[in-house]
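Take a look at the letters that make up each chain.
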Amino acid sequence: MATSRLRWLRYGRVALAALTMLMLLALICHGVAAGEYWLEVQFGPAVARAWQLFSPAGAGVALLVLVLTLVLGRVYCSVLCPLGILQEFIGWLTRRRGAAPGNHPRLRYGIAVVTIVLLLFGWSLCLRLLDPASRFGGMVATLVAPWYTALYNRLFPDDMLIVRPLALPTLFIFGVLPLLLLTALVLWRRRWFCTTLCPVGTALGLVAKCTRLPLRLTDACVKCGQCQKVCPAGCIDIAQGSIDNERCLRCLKCLDACCFEAVAWGRRPAKAAAVAAAAGEKALAAGESTAKPAAAAAADARDGALPQGELTRREVLVGVAGVGAAACAGAALLRPGGVLRAGAGAGAIYPPGAGSAARFAALCTGCQLCVRNCRGNVLRAAGDGRPGLVHLVFDRGMCEFNCMRCSSICPTGALRPMTLPAKQRCRIGMAHFDPSLCIAVQDGVDCGACAEHCPTGALQMKDDGPGRRIPSLNPDLCIGCGSCEYPCPVRPVRAMRVEPVAIQVQADDPGEFFRQRREHAPLPKPAAGGDDGWLL
Amino acid sequence: MDRRNFLKSGVATAAATAVLADLSTIPARADEAKTDGGNGGSEVVAVRNGSAVAMFRKGIEALGGMTAFVKPGQKVVVKPNIGWDRTPEQAANTNPELVAEIVRQAIAAGAAQVQVFDHTCNEWKSCYRNSGIEAAVVAAGGKMLSAHDEKLHYVEKSCPQAVSLKTAKIHQAIIDADVFINVPVLKHHGGAKMTAAMKNFLGIFWDRSFMHKNNLPQCIADCALYRRPDLNVVDAYRIVVANGPRGKVAEDIRELRYQLLSRDIVAIDAMATKVIGYELADVPYIALAATAGLGVADFSRITVKRLEA
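Residues numbered from 1 in each chain as written. Chains lettered and ligands numbered in written order. Predicted model: local features only at pLDDT ≥ 70, side-chain atom pairs only at ≥ 80, totals over all residues. Heavy atoms only, no water.

Colleague: So what exactly am I meant to see when it comes to the overall build of chain B here?
Modeller: The helix and strand inventory of chain B stands at 12 helices and 12 strands. For chain B, the proportion of its 309 residues judged to be buried stands at 59%. Pairs at least 24 apart in sequence give 75% of the contacts found in chain B among residues at least 6 apart. Working note: accessible area of chain B is about 11300 Å², and carbon and sulfur atoms make up 53% of it. (Helix = DSSP H or I, 4+ residues; strand = E, 2+ residues; numbered from the N terminus. Buried < 20%, exposed > 50% of the residue type's maximum accessible area, 1.4 Å probe, protein only. Contact = heavy atoms within 4.5 Å. Areas by Shrake-Rupley, 256 points an atom, 1.4 Å probe, with all protein chains shown as cover.)

This is how it looks when you write it as structure tokens:
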């Protein structure tokens, strides 16, 4: 019988996984700040952030996860990765066991290497498709958050959450399709995604291979196959009596399933194999090439001389060729005027910190964190016909002047974090004024909605004949925040519209501008009049 | 419950039902005498040189104290300007201490509940929080209401005597209130030239876009027809004199340390033009409102009581 001690290990894993799930759901659906810790530790985005921004925090987090993996194995995949947890949940919910996933090192390494190479060249395409955190974010933002918002607003009408528009294509691209695919994979081959497709999993697997505390089968094993039956990663080879720690996801189901306590988690007892392994590692640490046979022997001993986990020369060659081809294809697609940049152009308005349309198009993974956290309700995910995975639309609000939540929460570095003063001068678009549509110009009525909302003073109402005040735009101060477009009352086409800019630059400083202007034309002082200096 | 009370409540319920049934149209000016001060003129109390709280205490005392406005058990709505995600020092919103003092005094006068809201221009939670008004009101015992959901918070009303704003969606709390205290901040305004008591009414309606499109000054004048305020307090402790109503830089702000109080929404705006230094004719909606009979804009018919705090 499984002992309660080992069973509690699995319960602990489930509890930690549930906590991760809860915190990330709270972050995405409700903007709960504590959830950001769980977002921070997501490995794929942390690596992207570390590279794109040379972020020490991102590098630190990535290193921490690697150390954790080196010590305990791929526990990340079972307690920190939301997509891994979701797959466990789907498996548990459907009660159906697909066949165990096979071992496909070529495919696995190929995907990981292509991911890394493209990332080095500044293109997050593979993360966009396969980063578990980003895809989980997309699913929750489109499938869960709208329902949560509706429910919450019904329960708490005095503290309502922002109701965000969701285009049908967005729902399918980010929500329905990925969830259906993932569910199909789980039903077909359990956690095939984690052991084969996921670049994060593969990277961690390479470290987990050298874990100090491996999961292994002891001499008590009677080869009943119970552990192999429950393993969702297909990493137990009962015939060889071995567990492949590179693919083991640390779900700990085998600990629970084994009636003989033959699955152990920890150092192997001092035996010949361990001695050989220790010798091999020592040699590796010394970096001696002559120790190679010993290291190989040690690895063989550790993995039970399992040849299938090792790469043959042919596989290496094929892999290198594949990566080269992918890199060339990527460079061709990404070059200015290439397929992927042609569409990017200045096609839409991107969040502050995006840098340029092209940069943002290459780096955003579409995790939807910025969309869900936008206070102005202007960020939209792809699917409404505009280019870019995320862009701004000013039909429900404006980019709030004092808010920079999108750039501060972006986990991948696609949006550069900024100080508030820098964000308040970051030009994400340029207002375009059409006098032929403006009611103040055409009908001579007082309106001023645009100038009233403009946070920088780029728009002012200027006297234009007796009793007439019309908008006047100073492009040097305009940051394209949409504070003019949103309140403009003209329909169907507004007189104030924000046009995209190809590159984000800093607009002029309004403080300096107004101070200089007033040195020449000071504001009139309120007249001191009446008795005792009363103004009235 | 004895028979008498039963009958009383029955009659009251019937009357209330009748009134409610009639509410979808705003009745003609029933309380005109109240703003006229009895002799065809209006009274404005001006206080200066004190903190916003001290000036209010002085001013309300001159108007007979809060008990002259709030009776025990009444529902009170206080409507400050919370339009912008700006700090109190930036003077784009009403002084939070002033709002809190009004809430405190209304509660002390026996108000059953004091509610505070504004239909903000920036995202409402940021405005409520960063203006300092939410914290001050809650600490004073009032309740902040949200005002940003068309279906949830607004009811459609019509007003036949309005010139431009014939129908409008108005906040439910204003309809339900026994006492309505209007607490704007005085500012320059790019579109309407000046914002004070009347312009503050845009924050009790849903569709500002309609007003901007359909003769803004006339719509501002029409707004007050939907619900006369029982008391107006114009906060001019700090005022935005340029780049209003939001204010862009520190130089846009003057510390004047004034406060105006009046029952007459037109008279108080007329006097406010003097405080900020405009001509009456610069602010067209004041004359329009006077023509509509909402109050007195003629300086010779306005009595000003000047007080030092």
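Colleague: Help me understand the nonpolar core in this model?
Modeller: One recurring pattern in soluble globular proteins: nonpolar side chains tend to sit buried together. Formed by 104 residues in total, the largest nonpolar core has its most connected members in Leu186(B), Met194(B) and Leu260(B). With nine residues, helix α11 (residues 265-276) of chain B is the largest single contributor of residues to this core. Ignoring sequence-local partners within four residues, the contact set of Leu260(B) consists of Leu536(A), Val44(B), Val45(B), Ala46(B), Asn232(B), Val233(B), Val234(B), Ile268(B), Met271(B), Ala272(B) and Val275(B). Within the second largest apolar cluster, 59 residues are counted, among which are Cys81(A), Ile85(A), Phe193(A) and Ala262(A). (Core = buried A, V, L, I, M, F, W, Y, C linked by side-chain atoms within 4.5 Å.)

Colleague: Is there a simple way to think about the UniProt feature "transmembrane region" (unreviewed entry) in chain A in this case?
Modeller: Residue and element names in this part refer to chain A. Under the feature "transmembrane region" (unreviewed entry), the UniProt entry names residues 58-86, 107-130, 136-155 and 167-188. Across residues 107-130 one finds 83% helix and 0% strand; the C-alpha atoms that close the span lie 14 Å apart. Segment residues 136-155 splits into 100% helix and 0% strand. End C-alpha atoms: 26 Å apart. (UniProt positions renumbered as here; feature names shortened; annotations may be inferred.)

Colleague: Sorry, what's going on with the interface of chain B and chain A here?
Modeller: Reports of interface size often rely on the accessible area that becomes lost once the parts have come together. Each partner contributes residues to the interface: chain B has 51 residues there, and chain A has 42 residues. Across the chain B to chain A interface the summed buried area is about 4000 Å²; carbon plus sulfur atoms make up 51%. Put simply, chain B and chain A have five salt bridges between them. The salt bridge partner of Asp158(A) is Lys143(B), with a shortest N-O separation of 2.7 Å. In this structure, the connection of chain B to chain A is made through 20 residue pairs in polar contact (both at pLDDT 80 or more). Elements supplying a minimum of two residues to the side of chain B that touches chain A: β1 (42-48), α5 (124-130), α7 (150-153), α9 (208-213), α10 (216-226), β11 (253-262), α11 and β12 (302-308) of chain B. (Buried area = accessible area lost by both parts, 1.4 Å probe. Salt bridge = Lys/Arg side-chain N within 4 Å of Asp/Glu carboxyl O. Polar contact = N/O pair within 3.5 Å; in protein donor to acceptor, adjacent residues only side chain to side chain.)

Colleague: Would you mind showing me how to read a nonpolar patch on the surface here?
Modeller: All names here are of chain A. On the surface, Trp51, Phe54, Ile116, Leu120 and Phe121 cluster together into a nonpolar patch covering about 590 Å² of accessible area. Among the structural elements, isoleucine 116 can be located in helix α7 (residues 105-120). Accessibility expressed as a relative area gives 46% for isoleucine 116, which makes it partly exposed. (Patch = residues over 30% accessible without salt bridge, like charges linked within 9 Å, V, L, I, M, F, W, Y side chains within 5 Å.)

Colleague: Could you clarify how one ought to interpret the confidence of the model for chain A in this entry?
Modeller: Detailed reading of predicted coordinates is not advised where the pLDDT is low. Looking at chain A as a whole, the pLDDT averages 87, with 85% of positions reaching at least 70. Residue range residues 286-308 of chain A is modelled with pLDDT below 50. Its contacts to residues more than four positions away, or to other chains, number 23 contacts. (pLDDT = per-residue confidence, 0-100.)

Colleague: Explanation requested: the environment of Ala257(A) in the structure shown.
Modeller: Residues and elements named next belong to chain A. Among the structural elements, alanine 257 can be located in helix α14 (residues 253-257). Taking the relative accessible area as the measure of exposure, alanine 257 reaches 18% and is therefore buried. When the C-alpha positions of alanine 257 and glycine 225 are compared, they lie 9.6 Å apart, and in sequence the two are 32 residues distant.

Colleague: Could you clarify how one ought to interpret the confidence of the model for chain B in this entry?
Modeller: Residues and elements named next belong to chain B. Summing up the model confidence of chain B, the mean pLDDT is 90 and the portion of residues at 70 or higher is 87%. Taken as a whole, residues 19-23 scores under 50 in pLDDT and shows two contacts with residues more than four places along the chain or in a different chain. Within the model, pLDDT remains below 50 along residues 28-38, and this stretch shows 19 contacts once partners closer than five positions in the same chain are excluded.

Colleague: Where do I start with helix α4 (residues 96-108) of chain B in this structure?
Modeller: The α-helix advances 3.6 residues per turn, and as a result positions three or four apart in sequence lie on the same side. Residue and element names in this part refer to chain B. Helix length check: α4 (13 residues) gives 18 Å between terminal C-alpha atoms against 18 Å at 1.5 Å per residue, within 8%. For α4, the set of buried residues is Pro96, Leu98, Val99, Ala100, Glu101, Ile102, Val103, Gln105 and Ala106. By the N-cap criterion, in which a side-chain oxygen at the helix start approaches the backbone nitrogen of a residue two or three places on, α4 is capped by asparagine 95, the distance to glutamate 97 being 2.9 Å. In the stretch just after α4, glycine 110 is the one whose phi turns positive, near 105°. (Expected span 1.5 Å × (residues − 1).)

Colleague: Before we go on, may I ask you to explain the pattern of salt bridges in this structure?
Modeller: Within this structure, the stated rule accounts for 26 salt bridges over all chains. Between Asp384(A) and Arg386(A) there is a salt bridge, with its nearest N and O atoms 3.1 Å apart. Given the relative accessible area of 28%, Asp384(A) is considered partly exposed. As a salt-bridge pair, Glu101(B) and Arg104(B) come within 3.0 Å of each other at their nearest N and O atoms. Highlighted residues: Glu101(B) and Arg104(B), both in helix α4, separated by three residues, approximately one helical turn. Relative accessible area serves as the criterion here: at 3%, Glu101(B) is assigned to the buried category. Classification of Arg104(B) by relative accessible area gives partly exposed; the value is 36%. Linked by salt bridges that have partners in common, Arg13(A), Glu88(A), Arg191(A) and Lys253(A) make up one network.

Colleague: What am I meant to see in unusual backbone geometry here?
Modeller: Backbone torsion omega between Arg491(A) and Pro492(A) reads 5°, so that peptide bond is classified as cis. Here Pro492(A) shows up in the loop between β9 (469-473) and β10 (496-506). Each neighbour pair has its own omega, and for Gly244(B) with Pro245(B) the value is 5°, a cis peptide bond. Of note in this structure, Phe54(A) is not a glycine but carries a positive phi near 50°. Within the fold, Phe54(A) resides in the loop between α3 (43-53) and α4 (56-72). By relative accessible area, which is 63% here, Phe54(A) ends up exposed. We note that Lys223(A) has phi near 60°; this positive angle belongs to a residue other than glycine.

Colleague: Got a minute to help me understand the pairing of strand β7 (residues 426-433) of chain A in this structure?
Modeller: Every regular strand shows the same layout, with side chains that alternate between the two sheet faces. Residue and element names in this part refer to chain A. Most of β7 sits inside the fold, with six of its eight residues counted as buried. Across seven bridges, the pairing between β7 and β10 is antiparallel. From the neighbouring strand, histidine 432 faces β10, where its bridge partner is arginine 497. (Pairing = 2+ DSSP bridges.)

Colleague: Looking at this structure, how should I read the packing of aromatic side chains?
Modeller: The description of an aromatic ring pair uses the distance of the two centres, along with the angle that the planes make with each other. Inspection of the entire model under this criterion finds 14 aromatic pairs over all chains. Ring geometry for Tyr148(A) against Tyr152(A): centres 6.0 Å apart, planes inclined by 25°, an arrangement best described as stacked. Taken together, the positions of Tyr148(A) and Tyr152(A), both in helix α9 (residues 132-155) and four residues apart, correspond to about one turn of that helix. Residues Phe180(B) and Phe201(B) carry aromatic rings whose centres are separated by 5.4 Å and whose planes lie at 55° to one another, so their mutual orientation is tilted. In this pair, Phe180(B) is assigned in strand β7 (residues 179-183) and Phe201(B) in the loop between β9 (193-195) and α9, connecting sequence segments 21 residues apart. Looking at Phe180(B), the relative accessible area reads 0%, which means it is buried. Ring-pair connections join several aromatic residues into one group, and the members of that group are Tyr148(A), Tyr152(A) and Phe156(A). Lying over the aromatic face of Trp92(A), Arg95(A) brings its terminal NZ or CZ to 5.0 Å of the ring centre. (Phe/Tyr/Trp six-rings, centres within 6.5 Å; stacked < 30°, edge-to-face > 60°. Lys NZ or Arg CZ within 6 Å of the ring centre and 35° of its normal.)

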